[in-house]
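Residue-level structural notes
The residues making up each chain are set out below.
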Amino acid sequence: MKKIVILLFLTSVSYAQTKKCGTTAFMAEKLKDSHFSKNYYQFQNEFNAAFNSNKTAKNNNSLLVVPVAFHYPTGNESDRECLISLAQEQLNILNNDFNATNSDLNLWFEQAAPFYPGVQPGSLDVYFCLATQNHPLNIDPELLEGQPAVTIGYEFGGTLGVISDVNWAGYLNIVVGHGDFPAGYSYIAANPNNGDAVFISNAFIGSGTTCGIAPNNFSDSSDFGRVATHEIGHYFNLFHPFADCTCDASSTDFVDDTPQSNCTSGWDPPFGSVPGCNPPEKVLTMDYMDYQPGYAQFLFTEGQMYRSRTRLESIFDQYKIDFGSCSTLNSTQNELQSLLLYPNPSRGIINLKFNTEKFNTTEIVIFNTIGQVVYENNILISNEFAIDISNLPAGHYFMKVKNGEEVYNHKIIKN
């Protein structure tokens, strides 16, 4: 594991010939300003010291709802309905990825986990909600109260490429720009009070929906929308696991459970095939903060999510609280509400309640933290099913439930 020494900034490494994170270059330019640089390094030193001293503590995480606004400066008003759908498509991906409910997380338990002892998937316990009320005034004549916070043709920050706009303070802003290079960029440790945003190229927003000629004419559905996952990781103060691309002790992302690596690891390598800096560790190539294609990324670690949660909690009071009823929380939280688990934690019995009319044969598999199957069953569900885990040792487990074509992943805790 990595020894935390001092803050070193990241160097730029290509995703591939057509995909690149621009955060390194963006932050390097911002750090040329002495005032910004002084404040940034002071903040990071204080944050890292506090995080390091308290990181053994466990947060009693409640669900934090974050208001989100999307901005399409090069979009067409005639595509508004489609662009709103595209925004929600991207938010669905973010909610799954940051809450460890993404369907491809099963690859971790079924194939990858044995190569990475001590590493567990983490959850931020967050819900990204497309705001619907109390929009900023005189911004976009088509931005109506009661409708999603989506601007079209509005030049966020006043200039193309700027990703701060005080008119939009109190939101997590996502700016979708024209072109496909770089794929995205963000402030590291952004501030809602500044109206900070993440920038995502129209080549990499969402997972395949296209909305006319602009802004999504380069959409690459194979990326799974995970450029946004990566960049919002930066927004919540995560660094690339390969840090400054050396095996020096000072090369760190400030997270203990991401094995140290010497820069990037090739394009979609087999699990456990890339040696880390400290044998026998292997590079966690499937981590969202590494450089891989979206289809090959499927987890944040517990350490990364604890660091992000620490940052989110510290800025949460900067977000608007009057952003609407968050109707999307009811309709698109199906991953969290179509299958209910209770009680969780549990000493013995966990009840599964299915909010569905699809009566399929359902596969239930529970894995321990090293990917071993500790429970397996196939049932024909009607509405509710009880699982007895009283014979399992106390600890954290992960449950995969496959009902027809729908796959749900849940973390469960045995007391």
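Our structure is the block above this text.
This section reports on the structure supplied with the text. (Residues numbered from 1 in each chain as written. Predicted model: local features only at pLDDT ≥ 70, side-chain atom pairs only at ≥ 80, totals over all residues. Heavy atoms only, no water.)

1. Remarks on the packing of aromatic side chains
Definition in use: Aromatic pairs are defined between Phe, Tyr and Trp rings, using the six-membered ring for Trp, whenever the two ring centres lie within 6.5 Å; interplanar angles under 30 degrees are classed as stacked, those over 60 as edge-to-face, and all others as tilted. Secondary structure elements follow DSSP: runs of H or I of four or more residues count as helices, runs of E of two or more count as strands, with numbering from the N terminus. Only when the NZ of Lys or the CZ of Arg is both within 6 Å of the ring centre and within 35 degrees of the ring normal is a charge said to sit over the ring.
In the structure shown here, the tally under the stated rule is 25 aromatic pairs. Taking 6.3 Å as the distance between ring centres and 40 degrees as the angle between the ring planes, the aromatic pair formed by Phe36 and Tyr187 counts as tilted. Taken as a pair, Phe36 in helix α2 (residues 34-54) and Tyr187 in the loop between β7 (184-186) and β8 (197-201) lie far apart in primary sequence, 151 residues in all. Aromatic rings pair up to connect Phe26, Phe36, Tyr40, Tyr41, Tyr185, Tyr187 and Phe199 into one cluster. When the ring centre of Phe36 is taken as origin, the NZ or CZ atom of Lys30, which lies over that ring, is 5.6 Å away. Over the ring of Phe51 we find Arg307; its NZ or CZ atom is 5.5 Å from the centre of that ring.

2. Structural notes on the sheet that holds strand β10 (residues 349-354)
Put simply, the test is: Note on pairing: DSSP must find at least two bridges between two strands before they are called paired. Only the stretch in contact is used when fitting a helix axis, every axis being a line fitted to C-alpha atoms; angles between N-to-C directions are given from 0 to 180 degrees.
Here three strands make up an open sheet; going across it, the order is β9-β10-β13 and the pairing antiparallel. Whereas interior strands pair on both sides, the edge strands pair on one side only; in this sheet they are β9 (339-342) and β13 (384-388). This sheet shows a mean twist of 20 degrees between the axes of neighbouring strands, independent of strand direction. Where β9 lies against β10, four bridges are found, and the strand directions are antiparallel. Across the sheet, Tyr342 pairs through a bridge with Asn351, a residue of β10.

3. A word on helix α1 (residues 23-30)
To be explicit about the condition: Throughout this description, buried means an accessible area under 20% of the type-specific maximum (1.4 Å probe, protein chains only), exposed means over 50%, and partly exposed covers the range between. Comment: arc refers to directions from the helix axis out to C-beta atoms.
Taken together, the buried positions of α1 are occupied by Thr23, Thr24, Phe26 and Met27. The arc that holds every buried residue of α1, seen down its axis, measures 165 degrees, which confines them to one face.

4. So, the environment of Thr23
Using the following cut-off: In the analysis that follows, any N or O atom pair within 3.5 Å is treated as a polar contact, provided that within protein one partner can donate a hydrogen and the other can accept it, and provided that, for residues neighboring in sequence, both atoms belong to side chains.
Within the secondary structure layout, Thr23 lies in helix α1. Taking the relative accessible area as the measure of exposure, Thr23 reaches 0% and is therefore buried. Each C-alpha atom of the pair Thr23 and Glu231 lies 7.8 Å from the other, and the pair is 208 residues apart in sequence. A distance of 2.7 Å separates a polar atom in the side chain of Thr23 from a polar atom in the side chain of Glu231.

5. Here we look at the sheet that holds strand β12 (residues 373-380)
Sheet architecture is open: four strands sit in the order β12-β11-β14-β15, paired in antiparallel fashion. At either end of the open sheet lies a strand with only one pairing partner, and these are β12 and β15 (406-414). Each neighbouring strand pair of the sheet contributes to a mean axis angle of 15 degrees, computed without reference to strand direction. In this sheet, strand β14 (residues 395-403) lies alongside strand β11 (residues 361-367) in antiparallel orientation, the contact comprising six bridges. Directly across from Val365, in β14, lies its bridge partner Lys400.

6. A word on helix α6 (residues 302-315)
Selection criterion: Here a helix's expected span is defined as the number of its residues, less one, multiplied by 1.5 Å.
Over its 14 residues, α6 extends 20 Å from the first C-alpha to the last, a length consistent with the 20 Å expected when each residue adds 1.5 Å. Among the 14 residues of α6, 10 are classified as buried, and the element is accordingly described as predominantly covered.

7. Remarks on the pattern of salt bridges
The condition that has to hold: A pair is scored as a salt bridge if a Lys or Arg side-chain nitrogen falls within 4 Å of a carboxyl oxygen belonging to Asp or Glu.
The full count for this structure, using the stated rule, is eight salt bridges. The partner of Glu77 in a salt bridge is Arg80, and the shortest N-O contact between them spans 2.5 Å. Each of the salt bridges in this network shares a partner with another, and the network as a whole consists of Glu77, Arg80 and Asp140.

8. Here's the deal with the state of the cysteines
As a reminder of what qualifies: Disulfides are defined in this document as cysteine sulfur pairs within 2.5 Å.
For the structure on display, the rule yields three disulfides. Bridging Cys82 to Cys211, the disulfide has an S-S length of 2.2 Å. One disulfide, between Cys82 and Cys211, carries an S-S torsion of -80 degrees and so falls in the left-handed class. With Cys82 in helix α3 (residues 80-98) and Cys211 in the loop between β8 and α5 (226-235), the pair connects residues that are 129 residues apart, well separated along the chain. Here Cys211 falls in the buried class, since its relative accessible area comes to 1%. Across the disulfide, Cys245 is cross-linked to Cys263 (sulfur-sulfur distance 2.3 Å). Taking the sign of the S-S torsion, about 50 degrees here, the bridge from Cys245 to Cys263 comes out right-handed. Of this pair, Cys245 sits in the loop between α5 and α6 while Cys263 sits in the loop between α5 and α6; the two residues are 18 residues apart in sequence, bridging distant segments of the chain.

The analysis is restricted to geometry; functional conclusions fall outside its scope.
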